[in-house]
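# Topology and contacts: notes
If you want the building blocks of each chain, they are given just below.
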Amino acid sequence: MELLSGGDMLIRALQDEGVDTIFGYPGGSALHIYDAIFRQKKVKHILVRHEQAATHAADGYARATGKVGTVLVTSGPGATNAITGIATAYMDSIPMVVISGQVPSDKIGEDAFQETDMVGVSRPIVKHSFLVKDPAEIPATIKKAYYIAATGRPGPVVVDLPKDVTNPYEKFEYSYPKKIKLRSYTPIEKGHSGQIRKAVQLLMGARRPVIYAGGGVVQGNASELVTQFARTLNFPVTTTLMGLGGFPASDSRWLGMLGMHGTYEANTAMHHADVILAVGARFDDRVTNTPNKFCPQAKIIHIDIDPASISKTVSADIPIVGSVGSVMKDMLGLLNEISERPDAKMLGDWWQQIEDWRARHGILIEPRYDISSELIKPQDVIKTLHKVTGGDAYITSDVGQHQMFAAQYYGFDLPRRWINSGGLGTMGFGLPSAMGVQMAHRDATVACVTGEGSIQMCIQELSACTQYHLPIKIICLNNQALGMVKQWQDMQYSSRYSESLYEDSLPDFVKLAEAYGHVGIRVERKDELQAKMEECFAMKDRLVFMDIQVDPAEHVYPMQIAPGTMRDMWLSKTERT
Amino acid sequence: MRRIISVLMENAPGALSRVVGLFSQRGYNIESLTVAPTEDATLSRLTLTTIGDDHKIEQITKHLNKLIDVVKLVDLTEGAHIERELMLIKVKAIGNQREEVKRCVDIFRGQIVDVTPSVYIVQVAGTSDKLDAFVQSVGESAILEVVRTGVSGIARGEKVLSL
Ligand SMILES: Cc1ncc(C[n+]2csc(CCOP(=O)(O)OP(=O)(O)O)c2C)c(N)n1
Ligand SMILES: [Mg+2]
């Protein structure tokens, strides 16, 4: 057997695990590991400019590919800088392994230089964590970390490595386990067949069914199955913010997104539904409005891989624990066995009703904002983006109004194309996650829809984009404000704009982009939007920063009114349901 | 309702803090907690008592089960079970009190395990209610110090919580 140092074992284990890219940042406690990286070629390391960006980049990589993202940081400040990104991944169930250097074992607990209890600090935001005490444990620990991160309900796993454990002068026998079994961890794959049968029965009797599909459909690679299921039965589908692309937006059965900024037809259909099939969704408070007023007439079937997500806020009538892929396959199988189908007349009436709602207030069939305005409307920017990219780009996003406009108007036909921080709502996520996506798909078109507020939270990564030639297109909806905050202040605080404006302190983003070696384009007039965007996307091998001056007064609508039911919404500044 | 949840978990560093952290993180309360290794040195047994309605207890057990270190768990209060708690209590024992405390100890089938001219240390084991009753009987004014272990429990009959 081969003898390797702890540091070399770690990198070898990553190679054997199939890791091709690490996002990281060096420092004292990680230097043995960094030396091991230097002495090999298989694993590529991307040097970010802030550890938060390393976690978001690994996260974007994971979301775009379905593989586990990998992060490497040093102890203390390196580790704590990674926390926001770990929490982001945790909230959205993203598979990620974060390797952190730690002070030497014999110094732990002594307040040593750059010591932070990483296992302790990260505990509430990881799926699991390891503190490795013996170099010989490295291969098995890495195997376990990737296994835990990727299986069941995915999530981030921290591996904390004291510096002595990676010491280059102590060598150990290396062998990488092919498989690992943990007696205390056996993720459930298959759903209970009796429950599945009951669910199908309930669906066959449904008169006003809605399929409510969440991020689990995307993460669980089940979008084709869900699509097939919905098409077979001609059921309406709504997707959550995390589920966008899980069902094709161009299919007329798609009602749009639901929830706080969901469409009128999706939220109203949910409210009136008699049977809801929730697939890989978790009844988030941004979806349900007031839980005890949620969909009063509906019987709920809830498919989820995480039993703790079922009946957490809204209780399920038919809970099914299992991977959405496996359960949907079984449900489809059952559909093919039986001849029974839901009452066609009833379903037809239901569709008629939904089409009425759609015609009345649907934002996707005609603009519900002032198109006569001289100003560039943010909604139009997203529509133009869709047009120019042929709807075929990977879109990452930051957090704010621009995120909601992108979610509402891009129209995702494929899963893993919409990459945003849904659960934690992390401003700063957009650019670094786009780096991860672009690293995974070097030839793909990757655009980051952002705001002038969010982009400044990880703007330093423009430098990393230069180093690795990442031709990301930054679509900055510049509304001169923390727009989403300002919208709430308009709606709930009589337009008292407490700390949501910058008083002419914004940088010249065009010059800033140029300073980093990129291209900057400013768009100020409506009539130049499309041409300039085409120009932007024609520059295939350059990062282009589009600073688009949009109407600062625009709000995101619909917006649910809290506390209330699903169908209680503001439809514009003056009109409500 | 009060529940006794018994957990078999890996005897690994950090395992206990994950359990305790889960409770504070999700706003569940722990009334008592005991933990010790089992006959299998790789496993520890943790018993905790908590109060909550069915919905809350369901969430607690689901989240506990999700912890990678947790091998198995059972809500003992769902079935017939034995529960015991041990208490060491230091009481004043001067003059008449000495006889009175002694009588009380006998009634509760406790033991006096340490004696000085002015103080007894009494050991009592039983359900938490019984220990509460003993404390009440002795009376607050006589009590110098109370130490309780928290509840341990085991299911009655054939049922076992093991690998
Ligand atoms: C790290 C972080 N801090 C604060 C917030 C709260 N927040 C949500 S949206 C928003 C405004 C975002 O402004 P901008 O990026 O310009 O987007 P806009 O809403 O203007 O489109 C803020 C401050 C957050 N989500 N994340
Ligand atoms: Mg803004």
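Quantities reported herein were computed from a predicted structural model and do not represent experimental measurements. (Residues numbered from 1 in each chain as written. Chains lettered and ligands numbered in written order. Predicted model: local features only at pLDDT ≥ 70, side-chain atom pairs only at ≥ 80, totals over all residues. Heavy atoms only, no water.)

## Describing unusual backbone geometry
Residues and elements named next belong to chain A. Of note, the bond from Tyr557 into Pro558 is cis; its omega dihedral lies within 30 degrees of zero at 0°. By secondary structure assignment, the location of Pro558 is in the loop between β20 (544–549) and β21 (559–560). Put simply, Ala562 and Pro563 share a cis peptide bond, and its omega is -5°. Even without glycine at this site, Ser93 takes up a positive phi of about 55°. Looking at the element boundaries, Ser93 is found in the loop between α5 (83–91) and β5 (96–102). In this structure, Asn234 takes a positive phi of about 55° despite not being glycine. Looking at the element boundaries, Asn234 is found in the loop between α10 (223–233) and β10 (237–239). Owing to a relative accessible area of 31%, Asn234 belongs among the partly exposed residues under this scheme. (Helix = DSSP H or I, 4+ residues; strand = E, 2+ residues; numbered from the N terminus. Buried < 20%, exposed > 50% of the residue type's maximum accessible area, 1.4 Å probe, protein only.)

## Points about the UniProt feature "domain: Thiamine pyrophosphate enzyme TPP-binding" (unreviewed entry) in chain A
Here the UniProt feature "domain: Thiamine pyrophosphate enzyme TPP-binding" (unreviewed entry) sits at residues 398–548 of chain A. Between the end C-alpha atoms of residues 398–548 of chain A the distance is 15 Å, and the span holds 36% helix and 16% strand. (UniProt positions renumbered as here; feature names shortened; annotations may be inferred.)

## Here we look at the interface of chain B and chain A
Contact residues are listed per partner, giving 23 residues for chain B and 19 residues for chain A. Remark: the boundary between chain B and chain A carries two salt bridges. Note that Glu10(B) and Arg183(A) form a salt bridge whose closest N and O atoms lie 2.8 Å from each other. Counting the contacts that link chain B with chain A gives 12 residue pairs in polar contact (both at pLDDT 80 or more). At the level of elements, α1 (15–25), α2 (54–66) and β4 (70–75) of chain B are the ones that each hand at least two residues to the side of chain B that touches chain A. Per element, the largest residue contribution to the side of chain B that touches chain A is six residues, and it comes from α2(B). Looking at side-chain class alone, the side of chain B that touches chain A contains eight nonpolar, seven polar and eight charged residues. (Contact = heavy atoms within 4.5 Å. Salt bridge = Lys/Arg side-chain N within 4 Å of Asp/Glu carboxyl O. Polar contact = N/O pair within 3.5 Å; in protein donor to acceptor, adjacent residues only side chain to side chain. Nonpolar A, V, L, I, M, F, W, Y, C, P; charged D, E, K, R; others polar.)

## As for the site of ligand 1
All names here are of chain A. Neighbouring ligand 1 are 18 residues, the closest being Gln401, Gly425, Glu452, Ser454 and Gly483. One of the backbone N or O atoms of Gly453 is found 3.0 Å from an oxygen atom in ligand 1. In the complex, the protein chains occlude 76% of the 580 Å² of accessible area that ligand 1 would expose alone. Elements represented by at least two residues in the shell around ligand 1 include exactly α16 (401–409) and α19 (483–492). Per element, the largest residue contribution to the shell around ligand 1 is three residues, and it comes from α19. In terms of residue class, the shell around ligand 1 is built from eight nonpolar, nine polar and one charged. (Near = heavy atom within 4 Å. Areas by Shrake-Rupley, 256 points an atom, 1.4 Å probe, with all protein chains shown as cover.)

## Quick word on the sheet that holds strand β2 (residues 21–24) of chain A
All names here are of chain A. Reading across from one edge, β3-β2-β4-β5-β7-β6 is the order of the six strands in this open sheet, with parallel pairing throughout. Lying at the two open borders of the sheet, with one neighbouring strand each, are β3 (44–47) and β6 (128–131). The average undirected angle you get between the axes of adjacent strands in this sheet is 20°. Of the strands in this sheet, β2, β4 (69–73) and β5 touch helix α3 (residues 51–65), which is tilted by about 165° from β4. (Pairing = 2+ DSSP bridges. Axes fitted to C-alpha atoms, helices over the stretch in contact; angles between N-to-C directions.)

## Examining the side chain of Asp547(A)
Among the secondary structure elements, Asp547(A) is positioned in strand β20. Ignoring sequence-local partners within four residues, the contact set of Asp547(A) consists of Cys476(A), Asn478(A), Phe509(A), Ile521(A), Arg522(A) and Val523(A).

## Quick word on the coordination of the magnesium ion (ligand 2)
Around a metal, the idealised angle for a tetrahedral arrangement of four donor atoms is 109.5 degrees; for an octahedral arrangement of six donor atoms it is 90 or 180 degrees. Residue and element names in this part refer to chain A. Around the magnesium ion (ligand 2), the protein contributes the donor atoms Glu452 (OE), Glu452 (OE), Asn479 (OD1) and Ala481 (O), at 2.1 to 2.5 Å from the metal centre. Angles of 53 to 179° at the metal separate the six donor atoms of the magnesium ion (ligand 2), which places the site in the irregular class. Mapping the donors of the magnesium ion (ligand 2) onto the primary sequence gives the spacing E-x26-N-x1-A. Highlighted residues: Glu452 in the loop between β17 (446–451) and α18 (461–467) and Asn479 in the loop between β18 (473–478) and α19, separated in sequence by 27 residues. Here Glu452 matches Asn479 in class, with each residue buried. (Donors = N, O, S within 2.8 Å, 3.2 Å for Na, K, Ca; no water. Tetrahedral: all angles 85-135°; square planar, octahedral: opposite > 155°, others 65-115°.)

## Quick word on the UniProt feature "domain: Thiamine pyrophosphate enzyme central" (unreviewed entry) in chain A
Mapped onto this numbering, the UniProt entry annotates "domain: Thiamine pyrophosphate enzyme central" (unreviewed entry) at residues 196–330 of chain A. Secondary structure content for residues 196–330 of chain A is 33% helix and 20% strand, while the C-alpha to C-alpha distance between its ends is 7 Å.

## A look at helix α14 (residues 344–361) of chain A
All names here are of chain A. A rise of 1.5 Å per residue sets the reference length of α14, with its 18 residues, at 26 Å; its end C-alpha atoms lie 26 Å apart and thus fit the reference within 8%. Of all the positions in α14, only Leu347, Trp350, Trp351, Ile354, Trp357, Arg358 and His361 are classed as buried. One side of α14 carries all its buried residues, which in axial view fall inside an arc of 120°. As for α14, its buried residues are in contact with β9 (209–213), α10, β11 (254–257) and α11 (264–272). At the N-terminal end of α14, a side-chain oxygen is found 2.9 Å from the backbone nitrogen of Lys345, two or three residues along, and the residue is Asp343. (Expected span 1.5 Å × (residues − 1). Arc of directions from axis to C-beta.)

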